[in-house]
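What the coordinates show
Residue-level listing of the chains:
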Amino acid sequence: QVQQNVERLFTRFVEEGKATVRLREPAVDLCLSKANVINLKTFLSAVRLAHQGNDTGVLPLSPLVPAKNSDVEKPKTKMIITSRRDYPLTKSFPFSLEHLQTSYCKLARIDSRVLCLRKLRKLDLSHNHIKQLPATLGDLVCLQELDLHDNHLEAFSGALCSSGLQKSLQLLDLSQNQIQALPIEFCQLRGLVQLRLDDNALLRLPCRIGQLSRLRFLSAARNKLPFLPCDFRRLSLENLDLFGNPFEQPNPLVPNIQLKIPLTLLECAARATVNHRIPYGCHLLPSHLCKDLEVAKTCRCGSACLSSFIQITVTMNLHHVAHTVVLVDNMGGTDAPVLCYFCSLHCYSQFLDRHLQSN
């Protein structure tokens, strides 16, 4: 089985009792470590002779002795590094890792060696200086938990939201960064259960946040949110924390009117496409129109509107979307302003009549 089947021998660290034998068939690497140096050299010599077709009777082989359990190195699945001096600069990370933490290492970017660890389920890169996330991070298709809190991030890439992380990622911590907005594609991360966005500079939450149907824990405290998106009403949370945001005082009597009367042909076509669920895609429409349709607003009557609408903010008690709510302010409130849209003057006037009657 060895003759003409050894593709390469890696013997650079043989003096440390390490070597690798790469076979052609099956295409595997036999990794040897913690070996006696003399015995290892003898074994490698025998492999070379066998590869060349020498008679087994003349090979310098010693009798095989079964290895003890204590001598067999188990694949390493967890590694925790919490200082710069302990960070491996010359050694590679074990490919068997499932949990890797590299905190307080002053990393300015994600190590390319980490992006090759395809078995990773939990990656903790907190307390570093990372400014940007590579698109290849999305190749870690087993990744369930990603902790990036206390870094220098200014954005979260839309490409990551469209990657393999869509199905795998369950916990995402982006707190203590410098993010002002999340991309439209962010709500494609449908597997998210826990999302932390505290202590950023967020001016808004994703307009389609209601698509995160599995989300149960949401924390976006101490940001710059003036109001919540309309889609926020669709969430079903166990715990919600929005403390310390400069929420505006809702005033339904002061609308932001963006109505175009009569409606443009583009607006009519867009409304019909969404209301009647007509299939569309980039093979039929320009990509910018597809993106506009994906974030179409929904009137209280259930109809869609694109760029012709009336916008107001109304008060919503956060207990409607969460079982446990951290107080919004020091006054003990659990109410927050949420955007509300109307497709016509008729819909707005009906809402206004009901609002005035109730007050």
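Residue numbers here run from 1 along each chain, matching the order of that chain's written sequence. Local features in this predicted model are restricted to residues of pLDDT 70 or higher, and side-chain atom pairs are both shown and tallied only at a pLDDT of 80 or more, whereas totals for entire chains, interfaces and linings draw on every residue. Only hydrogens and water are set aside; all other atoms, that is, all heavy atoms of the structure, feed into the side-chain values.

Let's talk about the overall build of the protein
Where helices and strands are cited, they refer to DSSP runs of H or I of at least four residues and of E of at least two residues respectively, numbered from the N terminus. Broken down by element type, the protein carries six helices and 17 strands. Expected size for 359 residues packed as a compact globule is a radius of gyration near 21 Å; at 29 Å, the protein overshoots this value by more than 25%. Projected onto its principal axes, the C-alpha positions of the protein cover 100 × 50 × 30 Å. Each of the 359 residues in the protein was classed as buried or not, and the buried ones make up 40%. The criterion used for residue contact is that any of the two residues' heavy atoms lie within 4.5 Å. Partitioning the contacts of the protein with sequence separation of at least 6, the portion at a separation of at least 24 is 43%. All radius of gyration figures rest on C-alpha atoms, and the globule criterion is 2.2 Å times the number of residues raised to 0.38. Only protein chains enter the area calculation, which uses a 1.4 Å probe; residues under 20% of their type maximum are buried, those over 50% are exposed, and those in between are partly exposed.

Digging into the environment of Lys 167
Position of Lys 167 among the secondary structure elements: in helix α3 (residues 165-168). Using a relative accessible area of 75% as the deciding quantity, one classes Lys 167 as exposed. Residues Lys 167 and Gln 144, 23 residues apart in the sequence, show an inter-C-alpha distance of 8.9 Å.

A short note on the packing of aromatic side chains
In this description, an aromatic ring pair is defined by two values, namely the gap between the centres and the angle between the planes. For Phe, Tyr and Trp, where Trp contributes only its six-membered ring, two rings pair if their centres lie within 6.5 Å, and the inter-plane angle classes them as stacked under 30 degrees, edge-to-face over 60, or tilted in between. Taken as a whole, this structure holds five aromatic pairs when the rule is applied. Considering the side-chain rings of Tyr 87 and Phe 93, the 6.0 Å spacing of their centres and the 70° angle between planes classify their relative orientation as edge-to-face. Assessed through its relative accessible area of 8%, Tyr 87 is described here as buried. By relative accessible area, Phe 93 is classed as buried at 3%. Feature note: the residues Phe 342, Tyr 348 and Phe 351 constitute an aromatic cluster, connected by ring pairs. Placement of a positive charge over a ring is assigned whenever Lys NZ or Arg CZ falls within 6 Å of the ring centre and within 35 degrees of the normal to the ring plane. When the ring centre of Tyr 341 is taken as origin, the NZ or CZ atom of Lys 297, which lies over that ring, is 5.8 Å away.

A look at the sheet that holds strand β4 (residues 78-81)
Two strands qualify as a pair provided DSSP detects at least 2 bridges between them. The nine strands lie next to each other as β4-β5-β6-β7-β8-β9-β10-β11-β16, forming an open sheet whose pairing is parallel. Whereas interior strands pair on both sides, the edge strands pair on one side only; in this sheet they are β4 and β16 (322-326). In this sheet, adjacent strand axes meet at a mean angle of 5° when their direction is disregarded. Pairing analysis gives three bridges linking strand β10 (residues 217-219) to strand β11 (residues 237-241), with the strands arranged parallel. Considered in β11, the bridge of Phe 217 is made with Asn 239. Only the stretch in contact is used when a helix axis is fitted, and all axes are lines through C-alpha atoms; the angle between N-to-C directions ranges over 0 to 180 degrees.

A short note on the layout of surface pockets
Within this scheme a cavity is a closed region of a 1 Å grid, computed over the protein atoms alone, that accommodates a 1.4 Å probe without allowing it to escape, whereas a pocket is open but has protein on both sides within 12 Å along at least five of seven lines; lining residues each have an atom within 4 Å of a point. Grid points are joined across faces, edges and corners, and a volume is the space filled by probe spheres set on the points. Its volume calculated, the largest pocket comes out at about 1400 Å³. The wall of the largest pocket is formed by 29 residues, among which Lys 18, Cys 31, Ser 33, Ser 92 and Pro 94 lie closest to the centre. Tallying contributions element by element places strand β3 (residues 29-32) first for the lining of the largest pocket, with three residues. Residue composition of the lining of the largest pocket, by class: 13 nonpolar, six polar and 10 charged. In terms of domain composition, the lining of the largest pocket takes at least three residues from each of domain 1 (6-52) and domain 2 (78-224). The classification used treats Ala, Val, Leu, Ile, Met, Phe, Trp, Tyr, Cys and Pro as nonpolar, Asp, Glu, Lys and Arg as charged, and all other residues, Gly among them, as polar. Start and end positions for the domains come from either an automated domain assignment or a database one.

Some points on the state of the cysteines
Linking two cysteines covalently via their sulfur atoms produces the bond known as a disulfide. Two cysteine sulfur atoms form a disulfide, by the criterion used here, when they sit within 2.5 Å. Scanning the entire structure with this criterion turns up zero disulfides. Residue Cys 142 stays outside any disulfide, its sulfur separated by 14 Å from that of Cys 116, the closest cysteine. The thiol sulfur of Cys 268 is not disulfide-bonded, and the nearest other cysteine sulfur, from Cys 343, lies at 11 Å.

Observations regarding the environment of Val 328
Within the secondary structure, Val 328 is located in the loop between β16 and β17 (335-342). Val 328 has contacts with Leu 242, Phe 243, Gly 244, Phe 247, Leu 318, Gly 333, Thr 334 and Asp 335, leaving out every residue within four places of it along the chain.

Some thoughts on the nonpolar core
Residues grouped as a nonpolar core are buried Ala, Val, Leu, Ile, Met, Phe, Trp, Tyr and Cys residues, joined through side-chain atoms within 4.5 Å. One finds Leu 123, Phe 156, Phe 186, Leu 218, Leu 228, Phe 232 and Leu 318 to be the most contacted residues of the largest nonpolar core, which totals 76 residues. Counting residues per element, the ones that place at least two in this core are β4, α2 (158-161), β11, β15 (310-317), β16, β17 and α6 (345-358). For this core, the element with the most residues is β17, which contributes six residues. Looking at which domains feed residues into this core, each of domain 2 (78-224) and domain 3 (256-316 + 336-358) supplies at least three. Contacts of Leu 123, omitting those with residues within four sequence positions, involve Leu 100, Val 114, Leu 137, Leu 140, Leu 143, Glu 145, Leu 146 and Asp 147.

What to know about the pattern of salt bridges
Any carboxyl oxygen of Asp or Glu within 4 Å of a side-chain nitrogen of Lys or Arg constitutes a salt bridge here. Evaluation of the coordinates by the stated rule reveals nine salt bridges. In this structure, the salt-bridge partner of Arg 22 is Asp 29, at a minimum N-O distance of 2.9 Å. Notably, a salt bridge pairs Lys 122 with Glu 145, separated by 3.9 Å at the nearest N-O pair. Linking Lys 122 in strand β6 (residues 122-124) with Glu 145 in strand β7 (residues 145-147), this pair joins segments that are 23 residues apart in sequence. The exposure class assigned to Glu 145 is partly exposed, which follows from its relative accessible area of 29%. In the salt-bridge network here, residues are joined through shared partners; they are Asp 173, Arg 196 and Asp 198.

A short note on a nonpolar patch on the surface
Each patch is assembled from residues with relative accessible area greater than 30% and no salt bridge, linking like charges that lie within 9 Å and nonpolar side chains (Val, Leu, Ile, Met, Phe, Trp, Tyr) that lie within 5 Å. Surface exposure here means Shrake-Rupley accessible area, sampled with a 1.4 Å probe, where a residue is shielded only by the protein chains that are shown. Nonpolar side chains collect at one region of the surface, where Leu 253, Val 254 and Leu 356 lie side by side and expose about 290 Å² of accessible area between them. Tracing the sequence through the fold places Val 254 in the loop between β11 and β12 (256-257). When its relative accessible area of 56% is taken as the criterion, Val 254 is described as exposed.

Looking at the sheet that holds β3
Taken together, three strands build an open sheet; the order of strands is β1-β2-β3 and the sheet is antiparallel. Edge positions in the sheet fall to β1 (6-10) and β3, since each has one partner strand and no second. Across the sheet, the axes of successive neighbouring strands diverge by a mean angle of 10°, strand direction being ignored. In terms of strand pairing, strand β2 (residues 19-23) meets β3 through four bridges, oriented antiparallel. Among the inter-strand pairings, Ala 19 is bridged to a residue of β3, identified as Leu 32.

Coordinates in, geometry out; function isn't part of it.
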